[in-house]
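Per-entry structural report
Chain residues, written in single-letter form:
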Amino acid sequence: MAVEFSKVGFKVYGIDKDRERIQRIKKRKSYITDIKEKDLKRILKEKRFEASDDFSLIKDTDVSIICVPTPLKRKYLPDISFIKDSLKRISPNLKKPSLVILESTVYPGITEELILRFLEKQGLIYQKDFLLSFSPERIDPANKKFPLRDIPKIVAGIDETATLLTKYLYKKIIKRVVTVSSVKIAEMAKLLENTFRIVNIAFVNEMAKICHKMGIDIWEVIRAAETKPFGFMPFWPGPGVGGSCIPKDPVYLYWKAKELGFNSRLIKVSSEIISSMPNYCVERLEDILKKRRSKSLEGARILIVGVTYKRDVKDLRKSPALEIINILQSKDAKISYYDPYIPYLRIDRIDLKGCRLNKKNLKDSDCVVIATDHKDIDYKLILKEADLVFDTRGVYSKFKDKVELL
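Residues numbered from 1 in each chain as written. Predicted model: local features only at pLDDT ≥ 70, side-chain atom pairs only at ≥ 80, totals over all residues. Heavy atoms only, no water.

**Describing the layout of surface pockets**
Of the pockets and cavities examined, the second largest pocket occupies roughly 600 Å³. As for the second largest pocket, its lining consists of 27 residues, and the residues nearest its centre are V241, P247, S275, K318 and E323. Sorting the residues of the lining of the second largest pocket by element identifies β4 (72-74), α10 (265-293) and α11 (320-330) as the ones contributing at least two each. Ranked by residue count, the leading element in the lining of the second largest pocket is α10, at 5 residues. Classifying every residue of the lining of the second largest pocket by side-chain character gives 13 nonpolar, 6 polar and 8 charged. (1 Å grid on protein atoms, 1.4 Å probe; cavity = no way out; pocket = protein on both sides within 12 Å on 5 of 7 lines; lining within 4 Å. Points joined across faces, edges and corners; volume = space filled by probe spheres on them. Helix = DSSP H or I, 4+ residues; strand = E, 2+ residues; numbered from the N terminus. Nonpolar A, V, L, I, M, F, W, Y, C, P; charged D, E, K, R; others polar.)

What follows is the structure, encoded as structure tokens:
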């Protein structure tokens, strides 16, 4: 978003507490696969973009957009501490008047109940000193079909002036901006989008488990079902979901509903099904090794292919592949991994250096597990050289006679 605003002529400050990221930007190195270094170099050279950890730069800005993480403290408890910390740092530096926009995913009510009240408690007067809006982030990493400017943007302000100013701002970089009648509508829309996804992903994963028990190919079932031109949308099974949105956004809605006395059983059970998939994948792997190699997991040489949470991204957040590695290590399996985006893993209890994807490493493995289906992986080499493949992503769904599918 910073790059897009800079490209159309705005002066943009990117403020972050992560000094390593700031240094990489200053060295003109992009750490996001969707951002081309030539674009980053251009806006830095033209001095339209500056990365810093200095919040006093806000004094020179007319708009402050908050894009901080909103994780979970515990399984069903939202963590909005990053928003609170941002507000503490922004409020003493806020230019008067200015527009404040929240993009972080929250439960309905946060913009008005937390941000508006916080800023007013600092002595700032709404409409005189600041305006406030909410516009949910909708970026889909590595999706070349839908870059930022082609994804419609939902906006809503505390009042009509804030709504119109926010719409005018985003129209500079996004083709279609959709205004809604209230901030709570905008907040709820983001939660509805991702709750819809987690419910359907959970459903198709449960279908995959049922199909496996029945000896039915779930991948062919879905391909057959999606020939219906109405009333069906294909979702695909996998080892779980990761990233910053789907694993936790629906839980924000579940928590808020529970606070109001409503128990959303569907959201809870969907989250539980998704969370169970890494364990299910390990159980399937254990069965496959016993059946095909007469081996147990203990001491088995397992090569994990792909460790990021999603195809063609560098992001490891909540990656199911990491959970699978942790479980396998707890069972004393010998783990190696290959991922073209991740040269080494030092996270949680994992400390591994990536290996090469070559004939020797494939042959030396008791089983190769496809955990993340990056496009630039040599799948022909794996199919040719590996003695046993367990595919959790459907890469080899048309080669089911040669591999074990989820």
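There's plenty left to go through after this.
**So, a positive patch on the surface**
A grouping of K36, K38, R42, K144 and K375 is seen on the molecular surface, where their side chains present a positively charged patch. Take K375: it is sitting in the loop between β14 (367-370) and α13 (379-385). Residue K375 is classed as exposed on the basis of its relative accessible area, which comes to 60%. (Patch = residues over 30% accessible without salt bridge, like charges linked within 9 Å, V, L, I, M, F, W, Y side chains within 5 Å. Areas by Shrake-Rupley, 256 points an atom, 1.4 Å probe, with all protein chains shown as cover. Salt bridge = Lys/Arg side-chain N within 4 Å of Asp/Glu carboxyl O. Lys, Arg positive; Asp, Glu negative; His and termini not counted. Charge placed at Lys NZ, Arg CZ, Asp CG, Glu CD. Buried < 20%, exposed > 50% of the residue type's maximum accessible area, 1.4 Å probe, protein only.)

**Some points on empty space enclosed by the protein**
Applying the stated criterion across every chain yields a total of 1 cavity of 30 Å³ or more. Within this model, the largest cavity holds a volume of roughly 90 Å³. Together, M1, E103, E137, R138, I139, L148, I151, P152, K153 and I174 line the largest cavity. Of the residues assigned to the lining of the largest cavity, the class counts are 6 nonpolar, no polar and 4 charged.

**Notes on the side chain of S6**
Relative to the helices and strands, S6 is located in helix α1 (residues 2-7). Look at S6 and you get buried, because its relative accessible area is 0%. At a separation of 2.8 Å, a polar atom in the side chain of S6 contacts the main-chain carbonyl oxygen of A2. (Polar contact = N/O pair within 3.5 Å; in protein donor to acceptor, adjacent residues only side chain to side chain.)

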